[in-house]
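Listed below are the residues making up each chain.
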Protein chains: 2
Amino acid sequence: MTPILHALEHEKSKLSQMERRLAERILASPGEIVHMGITELAEQCGISAATITRFCKVFHFKGFPDFKVKLAAEIAHGDAAPQDGGSSYQDIMAGNPLSVIVEAMQANHLASIRDTTSLLDIGRLEQTVDLLCRARRVDLYGMATSSIVAQDFYQKLIRIGVNCTAFADSHMQITSASSLSEGDVAFAISYSGETPETIDALLCAKNSGASTISLTSYGSSSLASLSGISLFSSSLEKGMRRGDMASRIAQLHVIDILFTGMVSRRFGDYIPKLEQSYRNVRQFRHKRGGTE
Amino acid sequence: MTPILHALEHEKSKLSQMERRLAERILASPGEIVHMGITELAEQCGISAATITRFCKVFHFKGFPDFKVKLAAEIAHGDAAPQDGGSSYQDIMAGNPLSVIVEAMQANHLASIRDTTSLLDIGRLEQTVDLLCRARRVDLYGMATSSIVAQDFYQKLIRIGVNCTAFADSHMQITSASSLSEGDVAFAISYSGETPETIDALLCAKNSGASTISLTSYGSSSLASLSGISLFSSSLEKGMRRGDMASRIAQLHVIDILFTGMVSRRFGDYIPKLEQSYRNVRQFRHKRGGTE
DNA sequence: ATAAAATAAAGAAAATTATTTTCATGACTA
DNA sequence: TAGTCATGAAAATAATTTTCTTTATTTTAT
C-alpha cells in the first residue's frame, strides 16, 4: 500500500467522525478521488468542503489539489513497478535464508526511496534549501537512529562552511537551541515525529526565533505540525517492525537532495570549499606519512 | 517515455508557437508541472493561462487540473524505470533546478542499491553473519562518512546485546584493535578502501588475532585485500564527484542485510532484547514525563 | 500584385468554478 | 459553566475557463 493510503488507514482511528467518513471514502476507491472536485467529494461523503480542506492540512498537504496530485502519483506506483517485487514493503521474518532477506531488503529500500520521492514537495524543498543557504547558524536535532542522519548532514554542511552543530545529547540540543536567534535554522529529524527530546529542542529553537524545519516519516506528527516547514520520508506498514531501517535510508535520500540543492544553488561559493576540504584531508594524511 | 509526454513530443511540431513553448516547458521537467498552478506555468512560459487551458483541451483533457493529475500518475510510473538494466548514475550539475536534482538523486540511489544487491555474495554474507553472531566482541572502524555507517551498525548491534564499539577517533580505534583476540571481529568500513586510519586499525586487529571483515566500494582496494572477508557496495562512475552519497546508502543497505540476517538466525535470542530495548526507551521517557 | 475577407493565434478581461478561510453553532468535556 | 472541539454555512480568495477582442497571417478575388 502507498504511504498516503497507509497513513489514512493508520490514523483513521484518531480522526473525527466526518473525517473518518472521508478517509473511508478515499480508501474505498482512491483512483476515483483524483478525478473529483472537492465539492463532488464533499457531497458524496455528506460533509462540507471545508472539512476536506482541513483534512488535507492535517496530513500536511497544501490543500485538496495538492493531495490529489500526490495521491495520483502514488496509486500509479502501486499498480506498476513489478520488476523488483512491487513497491510494497516486505516483512522480514525469522529463519529466512539470507537470499530472501537480501531480496526483501532491496524491495524495501527501493520502495522507500521511491515513495519518499513522490511525497516530496519541491516548493518546500526550495524553501528549505533557501533557509539553509542563508542561515547564520544551523542546529540539527535527532536522537538514536535519527542522530545518525543528523550527523551525516552535519558532516556535509561543515564541508561547505555552514556553521552548524549536531548534538546527540538532549541537554546540549536544548542549550544550543536556546542560543539561536532570527536568521538561524533548526532542523529536527525523527522517525516517529514524536520524540520528546527532539520536539523540545525544536520548540525551544522556535521560541528563540529560529526558522524550524522537520524531517519525519509521513503522517501527522507533533514535530511536523509545529515546524515551519515539514518534510517527509515514507513510512512503513505497521507489521514491519524495524521501519527505521528503510526510513533512515529515505531520510538520507532527502538530506542528499537538500545538500545537493544547496551546492547547486551556490556553486561558486560551496564547490571550492568542498574541494578544499577533500584536498586538506588527503594532504594532511600524506604529511603524516602513515606513521603514528 | 509515458504516453502523455510521448504525445507531446510527437505532436509538438504541429502545435502553434506558444503551444510549442508550453509543450517544451512541460517536457523539460514534467515533475515540476504537476505542482504548479496554471498562472505560474503561464508566467514561466510567457504565455497566457487561456492558452494553457486550450492546450489541454487539444489533448483531450477536461482542463488543466485534469491534465496535472493524469500527468502525475504517468510520471510516477516512469520515474524509476531503469528495468532495462541500464542503471546508470546521473551526474548532478550546478544550477540544476531542484526537480532535476530530485530525479537524478532518486535514479542514483535506486541504481546504487540495485547494483550493490547484485554484487553481494551470499556465501560471504553468511560467513559474516556467522562471525558476528559468534563474536565475543565486535569492533567497527570507519572515518568521516564511513563513521556514520559504523555508528549506525553500532546502534543496531548494541540493541541485540552484541558487545561492540565504534570509535570515530583513530587513536581509540587502534587502541581497541590492539586489545582484540581470537573470536573477536573487526569490521572496517571505507568508501575508497584506502583510508589509512581504517587500514591501520584493521591491520592491528588482524595481528591481534581477530577475524577481519571489510565493506568497501567495489574494486580492488588495500582494505579489501587484507581483510578475511571482503564485502562490497557498488562503486560509481568516475565522473560522479560525490560518490560517497550513494555509497553510504548502499553500505547501509548491506548493514541492514547483515543485521537482519543476524536477527533472523538467532531470533529467539535477539528479538526479546530488541523489544526490550524499544520498551525501555519508551518507559524511561514516560517516567521522566517530559519535564526537566 | 494587391486589397479585402477569412482564418487562426493569442491575450485581456469577464465569468465561472473551485478552494480556502472565517465565523457561528451546537455538541461534548473538564 | 466555561471551554474546547468538530462542523457546516457563508464569505473571501484563488484558480480556471470562457468569451471577447486584437493582431497577424493566409486566402481569394480582382
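Refer to the structure above for everything that follows.
Along each chain, numbering runs from 1 in the same order as the chain's sequence is written. Just so you know, chain letters begin at A and ligand numbers begin at 1, following the order they were written in. Two thresholds apply to this predicted model, a pLDDT of at least 70 for residue-level local features and 80 or more for giving and counting side-chain atom pairs, whereas whole-chain, interface and lining totals are computed over all residues. Excluded from the side-chain calculations are hydrogens and water; all other atoms, namely the structure's heavy atoms, are used.

1. Let's talk about the side chain of B:Thr116
Residues and elements named next belong to chain B. Strands are runs of DSSP state E lasting at least 2 residues, helices are runs of H or I lasting at least 4, and numbering of each runs from the N terminus. Within the secondary structure layout, Thr116 lies in helix α7 (residues 98-119). Relative accessible area decides the class of each residue, using a 1.4 Å probe on protein chains only: under 20% of the type maximum gives buried, over 50% gives exposed, and in between gives partly exposed. Overall, the relative accessible area of 0% leaves Thr116 in the buried class. Here a polar contact means two N or O atoms within 3.5 Å. Within protein one must be a hydrogen donor candidate and the other an acceptor candidate, and residues neighboring in sequence count only if both atoms are side-chain atoms. At a separation of 2.7 Å, a polar atom in the side chain of Thr116 contacts the main-chain carbonyl oxygen of Ser112. In this view, Thr116 contacts Phe232, Ser233, Ser234, Ala250, His253 and Val254; residues no more than four positions away in its chain are not counted. Any pair of residues with heavy atoms lying within 4.5 Å of one another is described as a contacting pair.

2. Quick word on the sheet that holds strand β5 (residues 229-233) of chain A
Residues and elements named next belong to chain A. Spatially, the five strands line up as an open sheet ordered β2-β1-β3-β4-β5, and their pairing is parallel. Every other strand in the sheet has two partners, leaving β2 (164-167) and β5 as the edge strands with one partner each. Averaged over neighbouring strand pairs, the angle between their axes works out to 15° when direction is ignored. Bridge analysis of strand β4 (residues 211-217) against β5 gives five bridges, and the strand direction is parallel. When the sheet's bridge partners are listed, Ser214 is paired in β5 with Ser230. The criterion for strand pairing is that DSSP finds at least two bridges linking the strands in question. Every angle, taken between N-to-C directions, lies between 0 and 180 degrees, and every axis is a line fitted to C-alpha atoms, over only the stretch in contact when it is a helix.

3. Some details on the packing of aromatic side chains
All names here are of chain A. Think of it this way: a Phe, Tyr or Trp ring, Trp meaning its six-membered ring, pairs with another when their centres are within 6.5 Å, and the plane angle makes it stacked under 30 degrees, edge-to-face over 60, tilted otherwise. All chains considered together, the criterion is met by eight aromatic pairs over all chains. Between the aromatic rings of Phe153 and Phe187, the centroid separation amounts to 5.4 Å while the plane-to-plane angle is 75°, which identifies the pairing as edge-to-face. Of the two residues, Phe153 sits in helix α9 (residues 145-159) while Phe187 sits in strand β3 (residues 185-190), which places them 34 residues apart along the sequence. The class of Phe153 is buried, set by a relative accessible area of 0%.

4. Remarks on the sheet that holds strand β4 (residues 211-217) of chain B
Residue and element names in this part refer to chain B. Spatially, the five strands line up as an open sheet ordered β2-β1-β3-β4-β5, and their pairing is parallel. Both edges of this open sheet fall to β2 (164-167) and β5 (229-233), since each of them pairs with a single strand only. Going across the sheet, the axis of each strand differs from the next one's by a mean of 15°, ignoring polarity. Summarising the sheet, strand β1 (residues 138-141) and β2 pair through four bridges and their orientation is parallel.

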